[in-house]
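Summary of structural features
What follows is the residue order along each chain.
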Amino acid sequence: MKRLALSFIAAFLLASCAQHEEPEVDFKPIQLNWSAQSGQAESHPDKDRCVISITSALMQDKRILASKMELLDYLVLYDVKGENLEFKGICGNVAFKDAAECHWTAVCAAGENVVVKFHNGD
């Protein structure tokens, strides 16, 4: 009888744990092909921080997460503008060239958060 009760309790606990699934995380695969337009941009001291910040911002953006494209593939051109780095992302999938998520710019300045601005074909 004890074995039956223990088996019942174990089955109950197992079923209870199985019902508590982890919440689904929104994720959209993106590929960023970075291309410096000058040697000064390639060796800029903030380049790595900017690349990480922009990648993070894109992966969390609602336009990216809601995109109808299975994989967002961008050519990202960047260069120095004043003391900052300026980035321009262009979608590689021409079938979606007018989609809001296919054209964006970002300026990365020392000590400031990066803001990605989307442009519909500009």
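One structure accompanies this document, and this report is about it. Computed from a predicted structure; not experimentally measured. (Residues numbered from 1 in each chain as written. Predicted model: local features only at pLDDT ≥ 70, side-chain atom pairs only at ≥ 80, totals over all residues. Heavy atoms only, no water.)

Overview of the overall build of the protein chain
As a reminder, the rule being used: Strands here are runs of E lasting at least two residues and helices are runs of H or I lasting at least four, both read from the DSSP assignment and numbered beginning at the N terminus. Accessible area is worked out with a 1.4 Å probe on protein chains only. A residue is then buried under 20% of its type maximum, exposed over 50%, and partly exposed in between. Throughout, a contact is declared for two residues whenever any of their heavy atoms are within 4.5 Å.
Of regular secondary structure, the protein chain possesses four helices and five strands. For the protein chain, the succession of helices and strands along the chain, N to C, is α-β-α-α-α-β-β-β-β. Counting every position in the protein chain, which comprises 122 residues, the buried fraction comes to 28%. Here the analysis covers contacts within the protein chain between residues at least 6 apart in sequence; of these, 54% occur between residues at least 24 apart.

A few points about the state of the cysteines
Put simply, the test is: Note on terminology: pairs of cysteine sulfur atoms within 2.5 Å are recorded as disulfides.
All told, the structure shown has two disulfides when counted by the stated rule. Cys50 shares a disulfide with Cys108; S-S distance 1.9 Å. Negative torsions about the S-S bond denote left-handed disulfides, and the value of about -85° found for Cys50 with Cys108 makes this one left-handed. Pair noted here: Cys50 is in helix H3 (residues 47-60) and Cys108 is in strand E4 (residues 103-108), with a separation of 58 residues, a long-range link. Along the protein chain, the cysteines engaged in disulfide bonds are linked according to the scheme 1-4, 2-3 when indexed in sequence order.

Section: the sheet that holds strand E5 (residues 115-118)
As a reminder of what qualifies: Criterion used throughout: strands pair if DSSP finds at least two bridges between them. Axis lines are fitted through C-alpha atoms, for helices just across the contact stretch, and the angle between N-to-C directions can take any value from 0 to 180 degrees.
In space, the five strands of this open sheet follow the order E1-E2-E3-E4-E5, with mixed pairing throughout. Both outer strands of the open sheet, strand E1 (30-36) and E5, are each paired with one neighbouring strand and no more. If you compare each strand with its neighbour and ignore which way they point, the axes differ by 25° on average. Of the pairings in the sheet, the one linking strand E3 (residues 84-91) to E4 comprises six bridges and is antiparallel in character. Within E4, the position partnered with Gly89 by the bridge is Trp104. In the packing of H3 onto the sheet, contacts are made with E1, strand E2 (72-81), E3, E4 and E5, and the angle to E1 comes to roughly 150°.

Quick word on the nonpolar core
Cut-off, in case you're wondering: Take the buried residues of types Ala, Val, Leu, Ile, Met, Phe, Trp, Tyr and Cys, join any two whose side-chain atoms come within 4.5 Å, and each joined set is a nonpolar core.
By size, the foremost hydrophobic cluster in this structure holds 23 residues, and its most contacted members are Ile54, Leu58, Tyr74, Phe87 and Trp104. Those elements that place two or more of their residues in this core are E1, H3, E2, E3, E4 and E5. Ignoring any residue separated from it by four or fewer positions in sequence, one finds Phe87 in contact with Trp34, Cys50, Ile54, Val76, Leu77, Tyr78, Trp104, Thr105, Ala106 and Cys108.

A short note on the pairing of E4
Across four bridges, E4 lies against E5 in antiparallel orientation. Bridge pairing in E5 links Val107 to Val115. The turn joining E4 and E5, which pair antiparallel and follow one another in sequence, is formed by six residues; a positive phi near 80° is taken by Gly111.

Description of the packing of aromatic side chains
As a reminder of what qualifies: Here a Phe, Tyr or Trp ring, Trp counted by its six-membered ring, pairs with any other such ring whose centre lies within 6.5 Å, and the pair is stacked when the planes are under 30 degrees apart, edge-to-face when over 60, and tilted otherwise.
Scanning the entire structure with this criterion turns up three aromatic pairs. Each ring, one from Trp34 and one from Phe87, has its centre 5.9 Å from the other, and the planes form 85°; the classification is edge-to-face. Separated by 53 residues along the polypeptide, Trp34 in strand E1 and Phe87 in strand E3 bring together distant segments of the chain. Arranged with centres 5.9 Å apart and planes meeting at 75°, the rings of Tyr74 and Trp104 form a pair that is edge-to-face. Linking Tyr74 in strand E2 with Trp104 in strand E4, this pair joins segments that are 30 residues apart in sequence. On the basis of relative accessibility, which here comes to 1%, the residue Trp104 falls in the buried class. One aromatic cluster is present, formed by Trp34, Tyr78 and Phe87 through successive ring pairs.

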